[in-house]
Amino acid sequence: MNEFSEVAPFMPDPFRILWREKVSSTNDELQKLAESGMGEGLILISEEQTAGRGRRGAEWFCGKGDGLAFSVLLKPVAAKAFWYRLALTAGLAVAEALESYVPLAEIKWPNDVLVNNKKIAGILVEAGSSYVVLGIGINVNTMNFPDGLNATSLGKESGNQVSRADVLLKIVQRLGNYVNRIESDFESILEGIRERCAMVDCEVTMKSAGNQKNGILRGIGNEGELLLDVKGKIERIYQADELRLVEI
Ligand code: BTN
């Protein structure tokens, strides 16, 4: 028994929880389980990750017992060409769930979640040939962060201790609802993302390996791409692993 057992009965079908004290990375472990034939909906939560990973190879810091680190195994019915939409969709599910505790959670394209301009959650999406692993890290009750990290937590922002199990349930309920709509109804998902899109009308830099482009962020296009106004001309920036959006 642990705190997550309380919410297990309320998980929507097909989601179910597998809890571990310590793993290298929940994404890595869940990919192994997926390769061994595990079915859709498995959620691997770990109290501690020895090699938790972020996007672009960054390390992921997660306060033991305070943070929430988990990965969700999906086998989307949508055609593979639409799987890239899951990163944005997961960002929306997380942002909406966090708004049960804080007034507004913004999405920094493609899928960082910010509260008061500080990072509160990160998402790492990795796909195999027949499955997708959504890795989600959330600062729930973390009060202290390593120097130089522009981060916050639900506990800090709300002034209350927040139940990690409730946060998990709220995210999974939303994911369950959105995942089947990425092909047929992405428009309604985009609506939620646009309402929460961070840095709109701000000057930003798009950084990628050895390259950078300045412009004004104008919003999100119909395919989930970023609309960057470069000297009056809209350029469409599509998701790529190495891309990094920075406010100037
Ligand atoms: C990012 O912001 O760069 C993404 C961070 C993703 C972190 C989560 S924690 C659970 C899962 N396991 C990992 O190794 N990474 C993701």
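Not measured: the values here are computed from a predicted model.

Ordered in space as S1-S2-S3-S7-S6-S5-S4, the seven strands form an open sheet in which the pairing is mixed. Both edges of this open sheet fall to strand S1 (16-23) and strand S4 (106-108), since each of them pairs with a single strand only. Across this sheet, the average inter-strand angle for adjacent strands is 20°, counted without regard to direction. Sheet analysis places S1 next to strand S2 (residues 42-49), joined by seven bridges and oriented parallel. Looking at the pairing, tryptophan 19 lines up with isoleucine 45 of S2.

Neighbouring the ligand are 20 residues; Ser25, Gln49, Arg53, Arg55 and Lys119 lie closest to it. A distance of 2.6 Å is found between an oxygen atom of the ligand and a backbone nitrogen or oxygen belonging to arginine 55. Here the ligand has 410 Å² of accessible area as a free molecule, and 97% of this is covered by the chains. If you map the ligand onto the pockets, it falls in the largest pocket. Mapped by element, the contributors of at least two residues to the shell around the ligand are helix H1 (26-35), strand S3 (67-74), strand S6 (118-127) and strand S7 (132-139). It is S6 that contributes the most residues to the shell around the ligand, four residues altogether. Taken together, the residues of the shell around the ligand break down into six nonpolar, ten polar and four charged.

So, on to the pairing of strand S10 (residues 226-230). In terms of burial, S10 is a largely internal element, five of the five residues being buried. Covered by surrounding structure in S10 are Leu226, Leu228 and Val230 together with Leu227 and Asp229, the residues of both alternating faces. The pairing of strand S9 (residues 211-220) with S10 spans four bridges and is antiparallel. Across the sheet, glycine 219 pairs through a bridge with leucine 227, a residue of S10.

A few words on the environment of serine 36. Secondary-structure assignment places serine 36 in the loop between H1 and S2. Residue serine 36 is classed as exposed on the basis of its relative accessible area, which comes to 58%. Separated by 88 residues in the primary sequence, serine 36 and leucine 124 have C-alpha atoms spaced 21 Å apart.

Calculation rules
- Residues numbered from 1 in each chain as written.
- Predicted model: local features only at pLDDT ≥ 70, side-chain atom pairs only at ≥ 80, totals over all residues.
- Heavy atoms only, no water.
- Pairing = 2+ DSSP bridges.
- Helix = DSSP H or I, 4+ residues; strand = E, 2+ residues; numbered from the N terminus.
- Axes fitted to C-alpha atoms, helices over the stretch in contact; angles between N-to-C directions.
- Near = heavy atom within 4 Å.
- Polar contact = N/O pair within 3.5 Å; in protein donor to acceptor, adjacent residues only side chain to side chain.
- Areas by Shrake-Rupley, 256 points an atom, 1.4 Å probe, with all protein chains shown as cover.
- 1 Å grid on protein atoms, 1.4 Å probe; cavity = no way out; pocket = protein on both sides within 12 Å on 5 of 7 lines; lining within 4 Å.
- Sits in = over half its atoms within 2 Å of the grid points.
- Nonpolar A, V, L, I, M, F, W, Y, C, P; charged D, E, K, R; others polar.
- Buried < 20%, exposed > 50% of the residue type's maximum accessible area, 1.4 Å probe, protein only.

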